[in-house]
Amino acid sequence: MDETYYILDASAFIGGFQPKNSLNFTVSQITEEIKDIKSKIIFDEAINEAKLFIKEPDLKSIKNLELAISTSGDTLRLSYPDKMLLSLAIDFKSSGKNVKVMTDDYSMQNVLKILNISYESVLTEGIKGVYNWKKTCEGCKKEFPDSYEFDDCEICGSKIFKRRIKTKKK
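Residues numbered from 1 in each chain as written. Predicted model: local features only at pLDDT ≥ 70, side-chain atom pairs only at ≥ 80, totals over all residues. Heavy atoms only, no water.

J.: Describe in detail the pairing of strand 1 (residues 4–8), supporting the description with residues and values.
T.: Along any regular strand the residues' side chains alternate between the sheet's two faces. Bridge analysis of strand 1 against strand 4 (residues 98–102) gives five bridges, and the strand direction is parallel. Opposite Thr 4, over in strand 4, you have Asn 98 as the bridge partner. One ladder, built from two bridges, connects strand 1 with strand 2 (residues 24–26); its direction is parallel. Among the inter-strand pairings, Ile 7 is bridged to a residue of strand 2, identified as Phe 25. (Pairing = 2+ DSSP bridges. Helix = DSSP H or I, 4+ residues; strand = E, 2+ residues; numbered from the N terminus.)

Right, here's the structure in full:
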């Protein structure tokens, strides 16, 4: 059986995930999301013991991710570190590696489900279905593209919110 390469989100360290071998990777931006002492200790020990490596994704994988999330609406809910981590998972999968992403982030899990990349939660149960997100006016219910940059509706002036839309289970 193929070895599993783990891509670790900050929530993996926050949840106490302890890398057991040298097949664990993350992106440099994740260090900004690890704030508590316990998580920093786990992270630093994994680096020092050569059980965790920082790797940046290829530009091609970043573009593939942007294309995938533009149709699901998840671009509205993902941080830059999230996007880099997901792109790294695409890199590994594209190179034929058996990859699993360790994250409790529901938006990331949603994208991973869409991309058919394995994931595992550390502290939470994880998502059940796949969802899309749509910018929608609270008042007139007009839907706007992800690129609409205002907080208020151009038609009625009401607030714009992100509405969750359930899609077919994958």
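Now that the structure is up, let's keep going.
J.: Mind laying out the packing of aromatic side chains, listing which residues take part and the relevant values?
T.: A full pass over the atoms with the stated rule returns eight aromatic pairs. Between Phe 144 and Tyr 148, the ring centres sit 4.1 Å apart and the planes meet at 25 degrees, which makes this aromatic pair stacked. Taking relative accessible area as the criterion, Phe 144 reaches 2% and is therefore assigned buried. A centroid spacing of 5.5 Å and a plane angle of 70 degrees characterise the contact between Tyr 148 and Phe 150, whose relative ring orientation is edge-to-face. Against the face of Tyr 5 rests Lys 97, its NZ or CZ located 5.5 Å from the ring centre. Taking the ring centre of Phe 144 as reference, the NZ or CZ of Lys 142 above it sits at 5.1 Å. (Phe/Tyr/Trp six-rings, centres within 6.5 Å; stacked < 30°, edge-to-face > 60°. Buried < 20%, exposed > 50% of the residue type's maximum accessible area, 1.4 Å probe, protein only. Lys NZ or Arg CZ within 6 Å of the ring centre and 35° of its normal.)

J.: Which residues make up the nonpolar core, and what values go with them?
T.: Judged by nonpolar contacts, the single largest core of 34 residues is most densely connected at Ile 7, Leu 8, Phe 13, Leu 86, Phe 92, Val 101 and Ile 117. Elements that contribute at least two residues to this core include exactly strand 1, helix 1 (10–14), helix 2 (37–48), helix 3 (59–72), helix 4 (80–94), strand 4 and helix 5 (106–115). The leading source of residues in this core is helix 4, at seven residues. Excluding its chain neighbours within four sequence positions, the residues that come into contact with Leu 8 are Phe 13, Phe 17, Pro 19, Asn 24, Phe 25, Thr 26, Ile 30, Leu 52, Leu 85 and Met 102. (Core = buried A, V, L, I, M, F, W, Y, C linked by side-chain atoms within 4.5 Å. Contact = heavy atoms within 4.5 Å.)

J.: Lay out the sheet that holds strand 5 (residues 118–120) with the relevant residues and their values.
T.: The strand order across the open sheet formed by five strands is 3-2-1-4-5, and the pairing between neighbours is parallel. Looking along the sheet, the strands with just one partner apiece sit at the ends: strand 3 (53–54) and strand 5. Helix-sheet contacts for helix 4 involve strand 1, strand 2 and strand 4, and the interaxial angle to strand 1 is about 165 degrees. (Axes fitted to C-alpha atoms, helices over the stretch in contact; angles between N-to-C directions.)

J.: Talk me through unusual backbone geometry; I want residue IDs and the actual numbers.
T.: In this structure, Ala 50 takes a positive phi of about 55 degrees despite not being glycine. With respect to the element layout, Ala 50 can be found in the loop between helix 2 and strand 3. Unlike most non-glycine residues, Lys 141 shows phi in positive territory, near 70 degrees. Checked against the element boundaries, Lys 141 lands in the loop between strand 6 (131–137) and strand 7 (143–144).

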